[in-house]
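Coordinates in review
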There are 4 protein chains.
Amino acid sequence: MSDAPKKVVLAYSGGLDTSIILKWLQTEYGCEVVTFTADLGQGEELEPARQKALLMGIKEENIHIVDLREEFVRDFVFPMFRANALYEGLYLLGTSIARPLISKYLVDIAQKSGADAVSHGATGKGNDQVRFELGVAALDPAIKVIAPWRLWDLSSRTKLLEFAEQNQIPIAKDKRGEAPFSVDANLLHTSSEGRVLENPAEEAPNYVLQRVVPVEDAPNEAEFVEITFEKGDAVAINGEALSPATILTRLNELGGKHGIGLLDLVENRFVGMKSRGVYETPGGTILLEAHRGIEQITLDSGAGHLKDSIMPRYAELIYNGFWFSPEREALQALIDKTQEHVSGTVRLKLYKGVARTVARWSDESLYSEKHVTFEEDAGAYDQKDAAGFIHLNALRLKLIAARNARRAKTK
Amino acid sequence: MSDAPKKVVLAYSGGLDTSIILKWLQTEYGCEVVTFTADLGQGEELEPARQKALLMGIKEENIHIVDLREEFVRDFVFPMFRANALYEGLYLLGTSIARPLISKYLVDIAQKSGADAVSHGATGKGNDQVRFELGVAALDPAIKVIAPWRLWDLSSRTKLLEFAEQNQIPIAKDKRGEAPFSVDANLLHTSSEGRVLENPAEEAPNYVLQRVVPVEDAPNEAEFVEITFEKGDAVAINGEALSPATILTRLNELGGKHGIGLLDLVENRFVGMKSRGVYETPGGTILLEAHRGIEQITLDSGAGHLKDSIMPRYAELIYNGFWFSPEREALQALIDKTQEHVSGTVRLKLYKGVARTVARWSDESLYSEKHVTFEEDAGAYDQKDAAGFIHLNALRLKLIAARNARRAKTK
Amino acid sequence: MSDAPKKVVLAYSGGLDTSIILKWLQTEYGCEVVTFTADLGQGEELEPARQKALLMGIKEENIHIVDLREEFVRDFVFPMFRANALYEGLYLLGTSIARPLISKYLVDIAQKSGADAVSHGATGKGNDQVRFELGVAALDPAIKVIAPWRLWDLSSRTKLLEFAEQNQIPIAKDKRGEAPFSVDANLLHTSSEGRVLENPAEEAPNYVLQRVVPVEDAPNEAEFVEITFEKGDAVAINGEALSPATILTRLNELGGKHGIGLLDLVENRFVGMKSRGVYETPGGTILLEAHRGIEQITLDSGAGHLKDSIMPRYAELIYNGFWFSPEREALQALIDKTQEHVSGTVRLKLYKGVARTVARWSDESLYSEKHVTFEEDAGAYDQKDAAGFIHLNALRLKLIAARNARRAKTK
Amino acid sequence: MSDAPKKVVLAYSGGLDTSIILKWLQTEYGCEVVTFTADLGQGEELEPARQKALLMGIKEENIHIVDLREEFVRDFVFPMFRANALYEGLYLLGTSIARPLISKYLVDIAQKSGADAVSHGATGKGNDQVRFELGVAALDPAIKVIAPWRLWDLSSRTKLLEFAEQNQIPIAKDKRGEAPFSVDANLLHTSSEGRVLENPAEEAPNYVLQRVVPVEDAPNEAEFVEITFEKGDAVAINGEALSPATILTRLNELGGKHGIGLLDLVENRFVGMKSRGVYETPGGTILLEAHRGIEQITLDSGAGHLKDSIMPRYAELIYNGFWFSPEREALQALIDKTQEHVSGTVRLKLYKGVARTVARWSDESLYSEKHVTFEEDAGAYDQKDAAGFIHLNALRLKLIAARNARRAKTK
């Protein structure tokens, strides 16, 4: 097969499925495999992935384990949160936003190691294959992508396990049976889907929860937290300056403890079907609320309404895998421009599943008590101006009404 | 004053402020006053308004007290909820949506009673003056609007009380002093603003709350509720078919009891300033969540994303007072078109400030377990299709990357 | 091949390519073929298609030749023109808008004749395959689509001609060689692309033109035409009431004669590549100008600006083949709602490639000379209102400027 | 009058109207007047303005005559053209885009000369007052604006002339009578409106034309011009590098000679009424066509469609006077981001009122003949990919159709 890849960088978790892929690449193409394992805050030990890779014959220098947590939050999560991005009104895009970063490293490592292809373990039904592959296409169109789930005939659990056994791939006991649902995790969220969750008419069982406590088990006392922003990004918690990943980690702890950020959603996949997922985004949920809180006093209505109006499109682009596209970058330029004065502090109350802004202040505030007050305003605002404002806003409506009345008469 | 109104329909609550306006209209213009008092579900007795009006010399036939609750929910609240409308990402537009209905009745009564003007008690700083007056302009441009707050010199509490005393207007004891904040209420929400709430850096005190219990006082046990929709509108609760106003009343009780629907917001007024309000929308918050829930399985992504993208503009129009405008009506046509199949039932969990969709089902469902399943799908979906789908979506990104690489070389 | 179609409805032009497809379907699948030939105003005799089909063994009752001109203009072209739709700012969508109608008849005929598949002659590189197939999917998902260009190995002109010869398909002399460019035509436009037009840096030769005279050859005298609209659709020319297709036919004659409606465009195909086309849309170009002309006096700015803002998305949907989609239908509901008063007459000057509105009048006019006049306006408009209007529109800008000045000082 | 201005910067043309304003300011407020006269390419001698100002007692150092042509085109016209901005589908915004620059200089001169107010000659019915005053508000909210037309009682031509005579203001003979229409001009366009143009049902007479020849008088031979762009801005004509203002001047000459850029429009003013104007934008019309031409090959569809979708809003902002607003600046950031590769050359044919792109080429081209060709493409594009692409785009449409069919059966 002249078209067969010679050297493939595989997004490798160390788990059973990507181990099978690793072996399959070796046997199917006789190619050299380079593994890439990223710490995106999914909360798993990564060193075992190295051991497994070595066991499967991967050369030491072909094993890449990288801590991407700061880059993930700084260059992907935070820019997205500047937009208050929500897919279909509710979803904080926790899986979507991690994929382009993985594509970036797959391509980087491929370029540095002279690989001609990359490979991933996403199935042919989901969004992740699209996200991975659009990312690779945008970053280096010469690199091939191998998507084994769309290629092989290991179409059932049984066949997969047979292949693993035939190839001496160790199978953890709990992987023998089907998992009751499938999980993806990173520093922004945990998503669960499939099997026990496939019927959207049935409530998701509590045992699905990974990082958010059931709200009944959350503390009976509220906790307050203050988040400080600079140009749209969180920079401190309770007055303590922290790195992006540290901020998100802390907010995850706080949110998880208080049962915040649980979402049960049926969403529209880019590939055309609906799917149901349970998402836990404790820190992100707090962050969105806080960001909206600080924008409330620092962002002008013109810029704010503009942002709101393009947000659904921006969120859709990220969901569909177009992070590295000219249109996402153009929208980002718009969003970032609006954040120049979005600095200040928000105080939130965390309690039983809710993060609610209760106060906010900023040196950049546009809120003018002098103008809005019910008290004497010392001439800050001339109420008579409102008459002219209304008259001219009403003029076209009056002309329409007069036209319609005139027409009604003649008909 | 040849321009002076002869007969004025006043939006009359029966309270001190509109009683002062009533008297002021009589003395300033020597005109006949017609009172209009609407039951929009604000939760106040309206008969006292009749007594007061009579006391101030209004003729029996000039007193109009109308129960508008069903019309309010059916023709204003429900159409708006079809759009999942949120102003500035968070506000459910509880005050905004009631104003056009009041304008409609002011105009109707004026036309029927031969009045040449209408009057309202909104100040010159707020949005309500705009909403009332744009509504009147659109419905009958020949009718004048008298906005006393923009005209008179009763610019302080002291002067108002003096005027009341001079004119034998009874002043309730608790109206002698300044109220600590100002309240507007109807079946959709209660809003509080002003005075103790004017500093957005200070948390709103619990005594502001009117219809939502402090979340700490909400029951320690969750409650489940099922809401059934037909073509985008709620029609039943827990299987019981109910009228629009009854549905919202019941959801208000449920939401209020569980501390649901409290919002502390700094928003941008149409007249150019920021203001801070505390909003309680218990039933509306449940309804929005439920409507999103039923749309998740019945609405296609094309229609859904389109709706989401125009929603901010739709919400802004309502907030700004353009309910009776061609553009709101055109957007409504779009929204209503999308709701033809939005029928089915949503199950929500209510607990400690949160209303969360946990299940949904519908005869109109577009969710296809057969397509999305992790199991064998019996050919419902050919995973190989995804390759072509991705390749063509990637093509333009590859062409860009190739162009950029070519350019980088020559530079 | 159990999956092979039993009976296929073929979109059949009678030309060489679709005759080859007809034969290929017969030989490849041994299936019964039903031909569908539509008169969309392409300006070709259709009876020869019947003769050819008979010659190739198609049964009389399996030959469908239908005049769709009125339906095409009334139900597709006119609704689209209500939106002033332009793809990428310039293209009047002449090919795109014809495709869903063909899909509709393919499906109708398939359902009536018990066919299990339809087939078309569009290649795998273009937009038309997408448009045909999305249409079929939306109208009857059970019907298979056979796209021979994506299936067979007749990948060169030589192979095609060989196949034709082997199968006794008559080849017109002028089809022996390659045509210098490829043409698609219907009542709305003629498009030319390919071969001599493939280099966008070279001017298209005049011999490409099919229905628009080279502008140098257009009459040296201007001609005026008056078009009357009702609810957004043209209904009369120079006072004569005419059917939709007749109107477009007449405007094509007028426009063609005056060299109007020629466009040389590089556009973005849905499948990801750029292509260059030469489009001739004489009548459509006049119609768009006239429709804008009548909207100018009958459409309010609110509705007008809303329409303008969603137009690019609407045009993109039609271009991409999503005519039969919920989102196109929802947008159409919006657009149609705005057209209720778009009635009246526009006078245009046609001269040397330009159709220009020079006058317009309407009983539905919103234009108020009384308001706009430079002369005394008898109180129609109070210039002092403008001060308040400006002050409140300026308020937020002043608050921003004050904030920025304050910040500049402290930095 | 304690509120009276002490020192006022007047936008002074040297004409009768602004001379009357100058005198009126002096007599009404007893204030010092500073004159500001800008060369925006309106094609008038400006030195006479100096003489007149001196005659009316303005001090030498208070007279400012500034050539703003390069700044106008570079910082206002060109950024706007990057967006392909058209107001209401047709208007190139020639007047609108000049106003913020005048505001900028009014404020600059006021700040430098210690003036506390600025003044302009725009009436209370038009858009220009809004544009001037929003600009001033955004740039220095402390500066007052005096708008004499909204203040004085010189409400008729007779009164104005009387005032002029009483104050020894010289009146040119041709200003005794009413001008048949009113003109505004700058390097981008000439606009004419009022009086003979007030009836939109009557064709504008040819004598209105100021810079575009009647198309019948244009040369009978076409002329070709090549315009080179860099990052979205024109930088050369026929290979000759030129400054922004020189480019626009040359294109005006070319366009004017060939009768290009004439528009007769009824538009919606921000203040709520419709007005009719005749616009001549010869150079701008060529520039728009050329800019679209170069974008066709250098701009990706994602960025291009995004730009198109926000363009109407961008144009509306400029029309309404919000150039110096956060939302215009944010949109500009988006637009500018898309222009990074919009470089190359467009060849246009100019003839009898039409500027038409006939060819375009660029080192930044995304056009790939290899992909689009009708010939063998050597594997650049796999037509089979289209099947998967279509299948997944069709999936949701099929699910809808299946749902609807299922529902139809049960109803």
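Residues numbered from 1 in each chain as written. Chains lettered and ligands numbered in written order. Predicted model: local features only at pLDDT ≥ 70, side-chain atom pairs only at ≥ 80, totals over all residues. Heavy atoms only, no water.

Looking at an unreviewed UniProt entry, one finds chain A named Argininosuccinate synthase and attributed to Paracoccus aminophilus JCM 7686. Of chain A, the UniProt comment under Pathway (unreviewed entry) reads exactly: "Amino-acid biosynthesis; L-arginine biosynthesis; L-arginine from L-ornithine and carbamoyl phosphate: step 2/3." Note on chain A: under the UniProt heading Subunit (unreviewed entry), the record states "Homotetramer." (UniProt positions renumbered as here; feature names shortened; annotations may be inferred.)

A few points about the UniProt feature "binding site: L-citrulline" (unreviewed entry) in chain A
Residues and elements named next belong to chain A. UniProt's entry tags Y91, S96, N127, R131, S182, S191, E267 and Y279 with the feature "binding site: L-citrulline" (unreviewed entry), counted in the numbering of this structure. Structurally, N127 is set in the loop between β4 (117-119) and α5 (128-139). When residues no more than four places from it in sequence are discounted, the contact partners of N127 are E267, R269, F270, V271 and Y319. A distance of 2.9 Å separates a polar side-chain atom of N127 from the backbone nitrogen of F270. By secondary structure assignment, the location of E267 is in strand β11 (residues 262-268). (Helix = DSSP H or I, 4+ residues; strand = E, 2+ residues; numbered from the N terminus. Contact = heavy atoms within 4.5 Å. Polar contact = N/O pair within 3.5 Å; in protein donor to acceptor, adjacent residues only side chain to side chain.)

Here's the deal with helix α10 (residues 301-320) of chain C
Residue and element names in this part refer to chain C. For α10, built from 20 residues, the straight-helix expectation of 28 Å at 1.5 Å per residue is met to within 8% by its first-to-last C-alpha distance of 29 Å. Along α10, the helix axis deviates most sharply at M311, where the bend reaches about 40°; the proline P312 sits within four residues downstream. Burial of α10 is extensive: 18 of the 20 residues sit out of reach of the surface. Between the side-chain oxygen at the start of α10 and the backbone nitrogen of G302 there is a gap of 2.8 Å, and the oxygen is on D300. With its phi angle positive at about 100°, G321 sits one or two positions after the end of α10. (Expected span 1.5 Å × (residues − 1). Bend = angle between axes of the 7 residues up to and from the residue. Buried < 20%, exposed > 50% of the residue type's maximum accessible area, 1.4 Å probe, protein only.)

Some points on the interface of chain D and chain C
The parts lose accessible area when they come together, and the size of an interface is often stated as this lost area. Taken together, the contact pairs 99 residues of chain D with 99 residues of chain C. Roughly 8700 Å² of surface becomes buried between chain D and chain C when both sides are summed, with 57% attributable to carbon and sulfur atoms. The interface formed by chain D and chain C holds six salt bridges in total. Notably, a salt bridge pairs K349(C) with E216(D), separated by 2.8 Å at the nearest N-O pair. Put simply, chain D and chain C have 36 residue pairs in polar contact (both at pLDDT 80 or more) between them. Looking at which element gives the most residues to the side of chain D that touches chain C, the answer is helix α12 (residues 385-410) of chain D, with twelve residues. Among the residues forming the side of chain D that touches chain C, the class breakdown is 45 nonpolar, 21 polar and 33 charged. (Buried area = accessible area lost by both parts, 1.4 Å probe. Salt bridge = Lys/Arg side-chain N within 4 Å of Asp/Glu carboxyl O. Nonpolar A, V, L, I, M, F, W, Y, C, P; charged D, E, K, R; others polar.)

What to know about the interface of chain B and chain A
Counting residues at the interface gives 99 residues for chain B and 99 residues for chain A. Carbon and sulfur atoms supply 57% of the area that chain B and chain A bury against each other, a total of about 8700 Å² over both sides. For the chain B face of the interface with chain A, the top three residues by lost area are E198(B), K274(B) and F374(B), together amounting to 8%. Between chain B and chain A we count 36 residue pairs in polar contact (both at pLDDT 80 or more) in total. The element best represented in the side of chain B that touches chain A is helix α13 (residues 385-410) of chain B, accounting for twelve residues.

So, the environment of Q296(B)
You can see Q296(B) is positioned in helix α9 (residues 282-298). When the C-alpha atoms of Q296(B) and V342(B) are compared, they prove to be 9.2 Å apart, with 46 residues separating the residues in sequence. Setting aside residues no more than four positions away along its own chain, Q296(B) makes contact with L90(A), D264(A), L265(A), V266(A), K274(A) and R360(B). Engagement of the side chain of Q296(B) in a polar contact is seen with the backbone nitrogen of V266(A), the distance being 3.0 Å.

Describing the relation of the copies chain D and chain C
Superposing chain D onto chain C takes a rotation of 180° plus a shift of 0.0 Å along the axis, which leaves an RMSD of 0.0 Å. A rotation of that kind, with that shift, is consistent with a two-fold axis. A shared interface surface links the copies, since 100% of the contact residues of chain D are contact residues in chain C too. (Least-squares fit on C-alpha atoms with pLDDT ≥ 70 in both.)

Here's the deal with the environment of A245(C)
All names here are of chain C. Structurally, A245 is set in helix α8 (residues 244-257). With a relative accessible area of 6%, A245 lands in the buried category. Separated by 87 residues in the primary sequence, A245 and Q332 have C-alpha atoms spaced 21 Å apart. Excluding residues within four positions of it along the chain, A245 makes contact with R69, E70, V73 and L187.

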